[in-house]
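Fold and contact review
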Amino acid sequence: MHRSDHRRLFATVAASAFFAGSVALAAPASAEPIDSTDVRVTVDIEEVKEPGVLAMSIAGDSVALSENGSTLLIRQFTGTLPTVTVTDTRTPDEVPEGAAWAVLGNATDFVGNSGQAPISAGHLGWKPDLIDGGDTGLVSAGEEVVTVVDEPTQPGNNVGLVDQELLVSTFDSGAVAGGEYTVDADLFLRTPADVAAGSYTSTLTLSLFE
């Protein structure tokens, strides 16, 4: 076969191969499916149930004492502790067995703003008052704590608010779970009659324990 005939034959085969490939890559005549089926997807999402909590809130962050009931020997300054609320949103089965809660308070010394000698926290006392203890009778206010210048009203209670003193408590947290309880207290500062004049400041810290 002549060389030119070989060239024509090669060109013909190559063109045929290219054409055959083009036919294989052509799009289908129709894009519609032959058949289809739906699958229903469902999910149940439950409400998130947060566990209950035991918490304390105070209706204010300050109290100003004013002179009231002073005598020739003792000066007295009184005021009322802002209402303290203990809220327990737990269910009884969320409360540890045998648990009990209490709110305790203690104060720092009264510091003067003009360099006068401080007044010991032992001169500050209180008389708790249970406003709402619920219906169980298991929430109770603490006893009166008098000052170092007073005669004890019961053994060892004339120490003032130097250490942790009881404001309100229950001995059975589970029995009072789900309730809200409120308490305040009469505050009184009692000093010698010759106490230095001026402004004084103390910090009374209330803490909830269980």
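First, a word on scope: everything that follows refers to the structure included in this document. This one's a predicted model, so the numbers in the text were calculated from it and none came from an experiment. (Residues numbered from 1 in each chain as written. Predicted model: local features only at pLDDT ≥ 70, side-chain atom pairs only at ≥ 80, totals over all residues. Heavy atoms only, no water.)

Right, let's get into the overall build of the protein. Counting its regular elements, the protein contains one helix and twelve strands. Counting helices and strands in the order they occur from the N terminus, the protein gives α-β-β-β-β-β-β-β-β-β-β-β-β. Taken across its 210 residues, the protein has 30% of its residues classed as buried. A sequence separation of at least 24 residues applies to 78% of the contacts in the protein between residues at least 6 apart. Of the roughly 13,900 Å² of accessible surface on the protein, 55% is carried by carbon and sulfur atoms. (Helix = DSSP H or I, 4+ residues; strand = E, 2+ residues; numbered from the N terminus. Buried < 20%, exposed > 50% of the residue type's maximum accessible area, 1.4 Å probe, protein only. Contact = heavy atoms within 4.5 Å. Areas by Shrake-Rupley, 256 points an atom, 1.4 Å probe, with all protein chains shown as cover.)

Pairing is antiparallel in the open sheet, where four strands are placed in the order β8-β9-β5-β12. Since the sheet does not close on itself, it has two edges, and those belong to β8 (139–141) and β12 (204–209), each with one partner. When strand polarity is set aside, the average angle formed by the axes of neighbouring strands in this sheet is 15 degrees. As defined by bridge partners, strand β5 (residues 101–107) adjoins strand β9 (residues 165–170) across five bridges and the pair is classed as antiparallel. Within β9, the residue paired with tryptophan 101 across the bridge is threonine 170. (Pairing = 2+ DSSP bridges. Axes fitted to C-alpha atoms, helices over the stretch in contact; angles between N-to-C directions.)

The subject of this paragraph is the pattern of salt bridges. As enumerated under the stated definition, the model contains four salt bridges in all. In this structure, the salt-bridge partner of glutamate 67 is arginine 75, at a minimum N-O distance of 2.9 Å. Put simply, aspartate 150 and arginine 190 hold a salt bridge, and the shortest N to O gap is 2.8 Å. Of the two residues, aspartate 150 sits in the loop between β8 and β9 while arginine 190 sits in strand β10 (residues 180–192), which places them 40 residues apart along the sequence. On the basis of relative accessibility, which here comes to 16%, the residue arginine 190 falls in the buried class. Overlapping salt bridges, with partners in common, bring together Asp88, Arg90 and Glu210 in one network. (Salt bridge = Lys/Arg side-chain N within 4 Å of Asp/Glu carboxyl O.)

Moving on: the environment of glutamate 94. With respect to the helices and strands, glutamate 94 occurs in the loop between β4 (84–88) and β5. Distance in space between the C-alpha atoms of glutamate 94 and valine 53 is 9.1 Å, their sequence separation being 41 residues. Leaving out residues up to four positions away in the same chain, glutamate 94 has contacts with Pro51, Gly52 and Thr89.

Further remarks concern the pairing of strand β3 (residues 74–80). Relative to β3, strand β2 (residues 66–67) runs antiparallel, the two sharing two bridges. Pairing of serine 66 across the sheet is with threonine 78, part of β3. The hairpin formed by β2 and β3 contains six residues between the paired strands, and glycine 69 there has a positive phi angle of roughly 80 degrees. Where β3 lies against β10, seven bridges are found, and the strand directions are antiparallel.

So, about the packing of aromatic side chains. Tallying each qualifying case throughout the model produces one aromatic pair. Arranged with centres 6.1 Å apart and planes meeting at 35 degrees, the rings of tryptophan 101 and tyrosine 181 form a pair that is tilted. Linking tryptophan 101 in strand β5 with tyrosine 181 in strand β10, this pair joins segments that are 80 residues apart in sequence. Accessibility classification places tryptophan 101 together with tyrosine 181 in one group, the buried group. Across the ring face of phenylalanine 188, the terminal group of arginine 190 is positioned such that the distance to the ring centre comes to 4.1 Å. (Phe/Tyr/Trp six-rings, centres within 6.5 Å; stacked < 30°, edge-to-face > 60°. Lys NZ or Arg CZ within 6 Å of the ring centre and 35° of its normal.)

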